[in-house]
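Summary of the model geometry
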Amino acid sequence: MSRKTTDALAETRLVGIARFWYDQMTGGDLPSISMPTRTKQNIAYDDESGVWKYGERESTRSAGSAKSALHILKMAYVIGFLKQQLRENRSSTLRELYYISEGWKRAKFAAQDESNLLIEDMEILTELSREAFHLRPEEDGASIYGPLKLREQTRRGEREIHCQEDVGEAGYPIPNNVENIEFLEHDAKFVIAIETGGMYARLMENGFDEEYGAVLVHLKGQPARSTRRALKRMNEDLGLPLVVFTDGDPWSYRIFGSIAYGSIKAAHMSELLATPGAQFVGVQPSDISDYDLPSDALTEGDIAALKAELTDPRFDTDYWKKQIGLQLQMKLKSEQQAFASRGLDFVTKEYLPTRLSEMGIL
Amino acid sequence: MVLAEDLAKQQRSISVAEFFEKNKHLLGFDSPTRGIITTIKEAVDNSLDACEEAQVLPDIYVSVTRLEKDVFRIVVEDNGPGIVPENVPFVFGKLLYGSRFHQIRQSRGQQGIGISAAVLYAQLTTGVPTKVISRTGARTPAHSFELMIKTETNEPDIRVHREIEWDRMHGTRVEIEFKATLAAKKRLLDYLRYTAVVNPHARIRGEIDGEPCTFERVSDEVPPCPKAIAPHPHGIEFGLLKRMAEASTAKLEEFLVEGFSRVGRKSAEEILGVAGLKGSRKASALSSQELKALLEAMQAVQVPPPPASQCLSPIGEELIVQGIEKEYPVDFIKARTRKSSVHSGHPFIVEAALGYGGKLPAEGQAQMLRFANRVPLLYQQGACAITNAVAGVNWKAYNLSQQGLPTGAVMVLVHVASTNVPFTSESKDAVAAIPEIEKEITLALQELGRELKTYLNRRDRSRQQEDRARAICSIIPDIAAKVSEIVEQPPVDTAPLEGRIMRRLVAKKRTLDGQVELSVHNYTAKPVSLSLSLLSPDAAQDAIPKPDFVDRVGDDYTKVWKCALDPEASWGARYTGGGGGTLDVRGVDDRVKVVVDLDV
């Protein structure tokens, strides 16, 4: 689709929401919005796409209370603003939107969280991503290092970049809009997504990418949408298997969950962002005992998070039930860099090759 | 044997004064901070009790003056009946001397230790004698004393005694100097305020370290003075029974009927039957064994509870409410006085009050006001049965949050009145955990909790309605304007929507470009006539239509329009001005009207 047609579609859908309200009010009804409820109880596995999406549960918010009426008023202002932005072919960041609302009197946002959530609501209502509204996130994407050549459409023209030869040690930074990237050629066997910068640097220093044909992707914690989209595209467009290597604690399993199954907050985008075939490398709770890794005791928060995962439909598999159960029993967690206790080469010479052959990647 | 003889030389009796010199904590003088509060508390308690006995409206003056860095002079003066000069040295200069100890009725002070303990404390810390002035009436002169206590013998040591001129017709003034600190000044002020709350008939003036404060009286009725009653057979101990029997000249049956509350012929016969004693015997002739049997029988036989109405003096629901309202501005206040009940033969009455909202702090635990026989309890809140009972109530059932005590803008007042309030210690800081008392407190609080819940529900409902009205009459028009602009269509008229949903009379005020617009729509099914009044800084001289009435109030103007509206009809007015102010509609029931200020 050309940019013009996508812009026209976005405008039509946005104005459609306003028209719905206009008709409600001329018909003597209160304006309202219906949305799927955004909780873990309301995400369901979609057989067709293999990802987790919002289920059937919907909540309707009508302007019968001051709070809901204000919410709809704010949404109306945002729609008005986006409509104009699309027409003028401008773009803005989520943060800028928050500041623009300063001039909207009662419709101004109290905090940026509020405007971010509202934009997610609009994505759900229009079934479009925020990029279609010319809205950019503030968050910077993570970086890629490996035998991969791509072309990026930048504001200053096209750039062809090889993610080993043309980049520094920091790697190639993933842009906000991954649709501007075209993959040209590669010499890789798989993609490995890594949670921490320390482990990403360790693999690079040890030449893991060259030795095994790995594309290293640094997640920088909970991955941004652009990072997840890039992983999804490498998996789908290039047919490369994706493995995820994180710390061994409940928060890291959630990182894996959002990559493989989709996140609860953005389940409406799961089809674009989730990589259903992604596999979890570790650190697995069983690794902690098998490799006798230095570990810390689980905190109360950790235990609560693990228990919450046991009721999360995304983790309802034998593998996760066993691993989480084991961890709750041991009451221990380890970071990925704990492998250093067995020497700096252990992770690239022993752990990863063994584990990846086990998983059928190597 | 030598050792025993040596020891014998050291063995001697201990005077009470010496005992208390070494055990100051028993009386509330354990720290210099507490000394001031305890002294004032004892003196004020005495003053209030004396005024009650004389049926005088108490006028009490309290002052604390710093003389040196850590030496304070405390003055408490009242307009009570005064003390006859012969008794003054004993009241202030002898521990355990009092008029109320032997009587069975509610009173603030009981043991007669309090004020003389302060005299002793002064003597121990500064060595300065206590000055007392007392006058019993207009026709008698005032007597001035300077007193100390002979600690070895617990007898008063009169340093000075003379007649003087005094401007009060009757009353007592005591001046004590001792070492202390005023670190607990806030607690002292709390004490005075709490005292004012439960003694709304008293006027208390204070001058605390140069800071004046006054707690005015709100009731001109002196509470009736509780009358002493005879002991109840369930509340008596062996020692007292023995003394009473020895002093009696009556036959056993008369002794029981006349000497005890609620014992009639029938109960007396039953008691004697159980004890196996003949009613014709002389009470004074009973042996210890027989007295013991009698005591057991007295406690075993069912006897009606002691009469509480004469010997107890509850504050009363109305006066508690008045007392709280004058010191604490609250949105909700209810008080409950329970019927009298009995613990171990002692009658007691529980009173409680629950306040909500107003200026009470919205965060943190509820403010607790504990009282025993109209005396505020300031220390050991955690150890007190009152606190336990309050924490034991499920406040969540009454729409309050709770962490032990209820939390939020709540105050809880509990008053336990009894002929014998069971305290956990002699310093009388906390009520002991007696199940009967805790149960009464719980029941009183539950009744109040239900009333609070009704109030909160009603308030929430009206808030919800206001919220809805605000959404519909004020935010929907904004949504309509913005949405119409987006879809590029003529503006939606939200009036029908408003009318359908509100079914009320809606009055609005809006200020746009220096023009103030007022509008009234009658969405009800009936014709209404009303007056619309707006208090704001605008004179509204160019108003169309002209107000029916304009009044200047300071810098503001009250403008009043009258109008009559049929169902579906509307009315409007406009004028040049800056807006602001408050709009009010009169003549229409609150339930069917909505006033919306679109400028807020």
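Conventions we followed
- Residues numbered from 1 in each chain as written.
- Chains lettered and ligands numbered in written order.
- Predicted model: local features only at pLDDT ≥ 70, side-chain atom pairs only at ≥ 80, totals over all residues.
- Helix = DSSP H or I, 4+ residues; strand = E, 2+ residues; numbered from the N terminus.
- Buried ≥ 20, exposed ≤ 12 C-beta atoms within 10 Å, placed from the backbone.
- Contact = placed C-beta atoms within 7 Å.
- pLDDT = per-residue confidence, 0-100.
- Expected span 1.5 Å × (residues − 1).
- Pairing = 2+ DSSP bridges.
- Axes fitted to C-alpha atoms, helices over the stretch in contact; angles between N-to-C directions.
- Core = buried A, V, L, I, M, F, W, Y, C linked by C-beta atoms within 7 Å.
- Domains from an automatic or database assignment.
- Parallel < 35°, antiparallel > 145°, perpendicular 65-115°, else oblique.
- Left-handed = near helix turned anticlockwise from the far one by under 90°.
- Nonpolar A, V, L, I, M, F, W, Y, C, P; charged D, E, K, R; others polar.

**Topic: the overall build of chain A**
If you tally the helices and strands in chain A, you get 13 helices and 17 strands. Out of the 362 residues in chain A, the part that is buried amounts to 40%. Residue pairs in contact within chain A that sit at least 24 positions apart in sequence constitute 72% of those at least 6 positions apart.

**Digging into the overall build of chain B**
For chain B, the count of helices and strands is 15 helices and 24 strands. For chain B, buried positions account for 43% of its 600 residues. Sequence-distant contacts in chain B: of pairs separated by 6 or more residues, those separated by 24 or more amount to 70%.

**Section: the confidence of the model for chain B**
Per-residue pLDDT for chain B averages 85, and the proportion of residues at 70 or more is 95%. Here the predicted complex carries an ipTM of 0.76, next to a pTM of 0.59.

**Topic: helix α6 (residues 185-198) of chain B**
Taking 1.5 Å per residue as the helical rise, α6(B) with its 14 residues ought to reach 20 Å, and the 20 Å between its terminal C-alpha atoms agrees with that figure. Those residues of α6(B) lying buried are B:Leu188, B:Tyr191, B:Leu192, B:Tyr194, B:Thr195, B:Ala196, B:Val197 and B:Val198.

**So, the sheet that holds strand β5 (residues 155-164) of chain B**
Residues and elements named next belong to chain B. If you trace the eight strands from one edge of the open sheet to the other, you get β5-β4-β3-β6-β2-β1-β7-β8, paired in mixed fashion. Here the strands that pair on one side only, and so sit at the sheet edges, are β5 and β8 (211-215). Each adjacent strand pair in this sheet contributes to an overall mean axis angle of 15°, direction not counted. By the bridge criterion, nine bridges tie strand β4 (residues 142-150) to β5 in an arrangement that is antiparallel. Paired with Phe145 across the strands is His161, a residue of β5. Strands β3 (130-135), β4 and β6 (171-179) of the sheet are contacted by helix α5 (residues 114-125), whose axis makes an angle of about 35° with β6. The strands that α6 touches are β1 (59-68), β7 (203-208) and β8; relative to β7, the one it contacts most, it runs at about 170°.

**What about the pairing of β6(B)?**
Regular strands show a simple pattern: their side chains alternate between the two faces of the sheet. Residue and element names in this part refer to chain B. Counted residue by residue, β6 has seven buried out of nine residues, so it is predominantly covered. Across eight bridges, strand β2 (residues 71-78) lies against β6 in antiparallel orientation. Across the sheet, Val75 pairs through a bridge with Glu175, a residue of β6. Bridging between β3 and β6 involves five bridges; their strand directions are antiparallel.

**Considering the sheet that holds strand β23 (residues 582-586) of chain B**
Strand pairing in a sheet relies on backbone hydrogen bonds. The paired strands run either parallel or antiparallel. Residues and elements named next belong to chain B. Spatially, four strands are ordered β20-β21-β19-β23 in an open sheet, and the strand pairing comes out antiparallel. Every interior strand has two partners, whereas the edge strands, β20 (549-553) and β23, have only one. The average angle at which neighbouring strand axes cross in this sheet is 20°, direction not considered. Examined bridge by bridge, β20 and strand β21 (residues 556-565) share five bridges and lie antiparallel to one another. Along β21, the bridge assignment pairs Arg552 with Tyr557.

**Describing unusual backbone geometry**
Peptide bonds are mostly trans, and most non-glycine residues show a negative phi. The omega torsion of the bond from A:Gly282 to A:Val283 falls at 5°, within 30 degrees of zero and hence cis. Its location among the elements puts A:Val283 in the loop between β15 (279-282) and α10 (285-290). For the bond running from B:Ile544 to B:Pro545, omega is -10°, close enough to zero to count as cis. The topology assignment puts B:Pro545 in the loop between β19 (528-536) and β20. Its identity is not glycine, yet B:Arg374 carries a phi of approximately 65°, on the positive side.

**Let's talk about the interface of chain B and chain A**
Interfaces are often sized by the amount of accessible area the parts lose when they come together. At the junction of the two partners, chain B supplies 21 residues and chain A supplies 23 residues. Looking at the side of chain B that touches chain A, the elements with two or more residues in it are α14 (435-487) and α15 (495-502) of chain B. With 15 residues, α14(B) is the single largest residue contributor to the side of chain B that touches chain A.

**Overview of the environment of A:Ile33**
Residues and elements named next belong to chain A. Take Ile33: it is sitting in strand β1 (residues 32-36). Here Ile33 falls in the buried class, since 20 other C-beta atoms lie within 10 Å of it. Spatially, the C-alpha atoms of Ile33 and Thr60 are 5.6 Å apart, while their sequence positions differ by 27 residues. For Ile33, the residues in contact, after removing those within four places along its chain, are Arg61, Ile72 and Leu125.

**Thoughts on the nonpolar core**
One recurring pattern in soluble globular proteins: nonpolar side chains tend to sit buried together. Residues and elements named next belong to chain B. If you look at the biggest cluster of nonpolar residues, it comprises 97 residues, and the most contacted ones within it are Ala352 and Val414. Residues lining this core come from more than one domain, with at least three contributed by each of domain 1 (16-215) and domain 3 (328-456). If sequence neighbours within four positions are ignored, Val414 has contacts with Val350, Ala352, Arg370, Phe371, Ile386, Val390 and Ile441.

**Some details on the packing of helix α3 (residues 32-54) of chain B against α5(B)**
Residues and elements named next belong to chain B. Put simply, α3 and α5 touch, their axes get as near as 8 Å, and they point 140° apart. On the basis of their axis angle, the class for α3 and α5 is oblique. Where α3 crosses over α5, the handedness of that crossing is left-handed. Taken together, the residues of α5 that come into contact with α3 (itself represented by Gly35, Thr39, Glu42, Ala43, Asp45 and Asn46) are Gly114, Ile115, Ala118 and Tyr121. By residue class, the composition of the contact of α3 with α5 is four nonpolar, four polar and two charged.

**Structural notes on the packing of helix α9 (residues 265-275) of chain B against helix α10 (residues 288-300) of chain B**
All names here are of chain B. Interhelical geometry of α9 versus α10 gives an angle of 130° and a closest axis separation of 8 Å. Classed by the angle they form, the pair α9 and α10 counts as oblique. Where α9 crosses over α10, the handedness of that crossing is right-handed. For the pair α9 and α10, the contacting residues are Ile271, Val274 and Ala275 in the first and Ala293, Leu294, Ala297, Met298 and Ala300 in the second. The residue makeup of the contact of α9 with α10, split by class, is eight nonpolar, no polar and no charged.

**Observations regarding helix α2 (residues 66-87) of chain A**
Between its first and last C-alpha, α2(A) extends 32 Å over 22 residues, near the 32 Å set by a 1.5 Å rise per residue. Of the residues flanking the end of α2(A), it is A:Asn89, one or two places downstream, whose phi is positive at about 55°.

**What about the environment of B:Gly364?**
Residue and element names in this part refer to chain B. Locating Gly364 in the fold gives a position in the loop between β11 (346-356) and β12 (367-372). By the C-beta count within 10 Å, which is 13 here, Gly364 ends up partly exposed. C-alpha separation for the pair Gly364 and Thr407, spaced 43 residues apart in sequence, amounts to 5.5 Å.

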